[in-house]
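Results of the structural survey
Below are the chains, spelled out letter by letter.
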Amino acid sequence: MAVAATQTWPEDALRLNAICPYYTMFPLDFPLQQLSAKPDATRILDPFCGRGTTLYAARLAGLPSVGIDINPVAVAIAQAKLTQVTPAAVVRLARQILSSGFQGEVPEGEFWQWCYEGETLREIVTLREKLLALNTPTAAMLRAVLLGVLHGPRNKRLPSYLSNQMPRTYASKPAYAVKFWKARGMEPVRIPALDVIARRVDRLLKSAPLAQGGRVYLGDSVETLRGLGRKFDLVVTSPPYYGMRTYVADQWLRSWFLGGPPEVPYSSSGQIARQPNQEAFIQALADVWDATARRCYQGARLAIRFGALPSARTDPERLVLNSIRQAGAGWTVKEVRPAGTSPKRARQAEQFGKAGSAIDEIDVIAELIGSPS
Ligand SMILES: C[S@@+](CC[C@H](N)C(=O)[O-])C[C@H]1O[C@@H](n2cnc3c(N)ncnc32)[C@H](O)[C@@H]1O
């Protein structure tokens, strides 16, 4: 099926893709272009799926897809991209949970007292506690919706976020945030969780396209790929950029909501970006291309968006081409070009200004001709 770029879809049909921001997400146009270039594709894979942009492009194109990510925040957001539920079902579940009485443990400390009004925090804690034990599609959608409204700016009209003033892309560090709120006398105000959920869910789901099946796995991509039974003919992905921080700590509040500790975690275990040196990084990527090839049909297309920070003093093109060569898995490089800038959307890395502004990004396209050795 040929698919056109985002401009040809009504804005409403694209809203679910923006359910929650995530670091270094690529624009929807990138996987949509790849779907157009591979009109006979039947099943799509993204072994570093992040918030599931590739999966959402597949859904728009009417195709099933599989995503893998090692970060639970990414997986929770990506799961929503494959889920088909009505706004009413999500609101019903939220209401049910909230009317069942308070559950869980309210985290202690100044940050929590300043970030959320007391009753709002008790609602968030109750939703968190109940959702930790629920695995239905409706729960998956409610979880992702809550990740998207957990923190963000305060506005003058109806509130869109549950927190005191905060960025929506990342959660501020507690000491900094408390200082900021105190200095401005910004007390948190009561924001009823159910109202925010109901407004958000209606907007996100009203015109979402039909879900097409597939699955999101939490885990390391090489290990997970080994266990997959089905095969793919299109892979669209973007590994962590070389030299870039992983931003796991910036997502600490969302990680807490998914069961993590109520403070900033500093570990980012399993993250490919944390390899000790370039050789190890190239080998780790090579292992992913090899494991991917084993799960693909001959003639499959692999599209990689990749970049490196100038401070990492490396050429991203050399790095990714070496990783494909080192894989020796049958991937033949067809094209290397600078990453296209979509007219409407910012480039992937620029969405997180501090690291992104000077990033070199490339797209590498390969085809599976031959088998892994
Ligand atoms: C550049 S981001 C992908 C963003 C994605 N294209 C999107 O639109 O959201 C790279 C992702 O790779 C994940 N990752 C890093 N190491 C991994 C590993 N060993 N296995 C699976 N995923 C990994 C990170 O958690 C991150 O979400």
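The rules behind the values
Residues numbered from 1 in each chain as written. Predicted model: local features only at pLDDT ≥ 70, side-chain atom pairs only at ≥ 80, totals over all residues. Heavy atoms only, no water. Helix = DSSP H or I, 4+ residues; strand = E, 2+ residues; numbered from the N terminus. Rg over C-alpha atoms; globule rule 2.2 N^0.38 Å. Buried < 20%, exposed > 50% of the residue type's maximum accessible area, 1.4 Å probe, protein only. Contact = heavy atoms within 4.5 Å. Areas by Shrake-Rupley, 256 points an atom, 1.4 Å probe, with all protein chains shown as cover. Pairing = 2+ DSSP bridges. Axes fitted to C-alpha atoms, helices over the stretch in contact; angles between N-to-C directions. Near = heavy atom within 4 Å. Polar contact = N/O pair within 3.5 Å; in protein donor to acceptor, adjacent residues only side chain to side chain. Domains from an automatic or database assignment. Buried area = accessible area lost by both parts, 1.4 Å probe. Salt bridge = Lys/Arg side-chain N within 4 Å of Asp/Glu carboxyl O. Expected span 1.5 Å × (residues − 1).

**Details of the overall build of the chain**
Helices and strands together make up the secondary structure of the chain, namely 15 helices and seven strands. For 373 residues, the compact-globule formula gives about 21 Å, and the C-alpha radius of gyration of the chain, at 21 Å, lands near that figure. Along the longest, intermediate and shortest principal axes, the C-alpha atoms of the chain span 60 × 40 × 40 Å. Relative to its 373 residues, the chain shows a buried fraction of 55%. Excluding contacts between residues fewer than 6 apart, the proportion of contacts in the chain whose partners are at least 24 apart in sequence is 80%. With an accessible surface of roughly 15500 Å², the chain has 50% of that area assigned to carbon and sulfur atoms.

**Examining the sheet that holds strand S2 (residues 65-69)**
The seven strands lie next to each other as S3-S2-S1-S4-S5-S7-S6, forming an open sheet whose pairing is mixed. Strands at the two margins of the open sheet, each flanked by one partner only, are strand S3 (214-218) and strand S6 (331-338). Here the strands of the sheet are splayed against their neighbours by 15° on average, with no regard to which way each runs. Relative to strand S7 (residues 360-368), S6 runs antiparallel, the two being bridged by seven bridges. Following the sheet pairing, Val 333 is matched in S7 by Ala 366.

**Overview of the site of the ligand**
Lining the immediate surroundings of the ligand are 24 residues, of which Tyr 22, Arg 51, Thr 53, Asp 69 and Asp 220 lie closest. Contact between the ligand and Tyr 23: an oxygen atom at 3.5 Å from a side-chain N or O atom of the residue. In the model, a nitrogen atom of the ligand is placed 2.8 Å from a nitrogen or oxygen of the Asp 220 side chain. Contact with the protein chains hides 100% of the accessible area of the ligand, taken as 600 Å² for the molecule alone.

**Concerning the domain arrangement of the chain**
When the domains of the chain are assigned, the result is domain 1 (6-72 + 212-368) and domain 2 (87-205). Taken as a group, Ile 19, Trp 256 and Phe 257 account for 30% of the area that domain 1 buries against domain 2, more than any other trio of residues on that side. Of the charged contacts, one joins Asp 250 and Lys 173 as a salt bridge, the two residues approaching to 3.2 Å between their closest N and O atoms. In this assembly, domain 1 and domain 2 are joined by nine residue pairs in polar contact (both at pLDDT 80 or more).

**Describing the environment of Pro 64**
One can find Pro 64 in the loop between helix H3 (53-61) and S2. Its relative accessible area of 17% is what places Pro 64 among the buried residues. Considering only alpha carbons, one finds Pro 64 and Gln 212, 148 residues apart in sequence, at a separation of 4.9 Å. When near neighbours in sequence (up to four residues on either side) are disregarded, Pro 64 contacts Thr 42, Arg 43, Ile 44, Gln 212, Gly 213 and Gly 214.

**Considering helix H13 (residues 278-293)**
Helix length check: H13 (16 residues) gives 22 Å between terminal C-alpha atoms against 22 Å at 1.5 Å per residue, within 8%. Among the 16 residues that make up H13, 12 are buried, leaving the element largely enclosed by the rest of the structure. For H13, the complete set of buried residues consists of Gln 278, Phe 281, Ile 282, Ala 284, Leu 285, Ala 286, Val 288, Trp 289, Asp 290, Ala 291, Thr 292 and Ala 293. Near the N-terminus of H13, the side chain that reaches the backbone nitrogen of Glu 279, with its oxygen 3.2 Å away, is that of Asn 277.

**Focus: the environment of Thr 136**
Position of Thr 136 relative to the elements: it lies in the loop between helix H7 (118-132) and helix H8 (137-149). A distance of 3.1 Å separates a polar atom in the side chain of Thr 136 from the backbone nitrogen of Ala 139.

**Here we look at the side chain of Glu 361**
With respect to the secondary-structure elements, Glu 361 resides in strand S7. A polar atom in the side chain of Glu 361 sits 2.8 Å from the side chain of Tyr 241.

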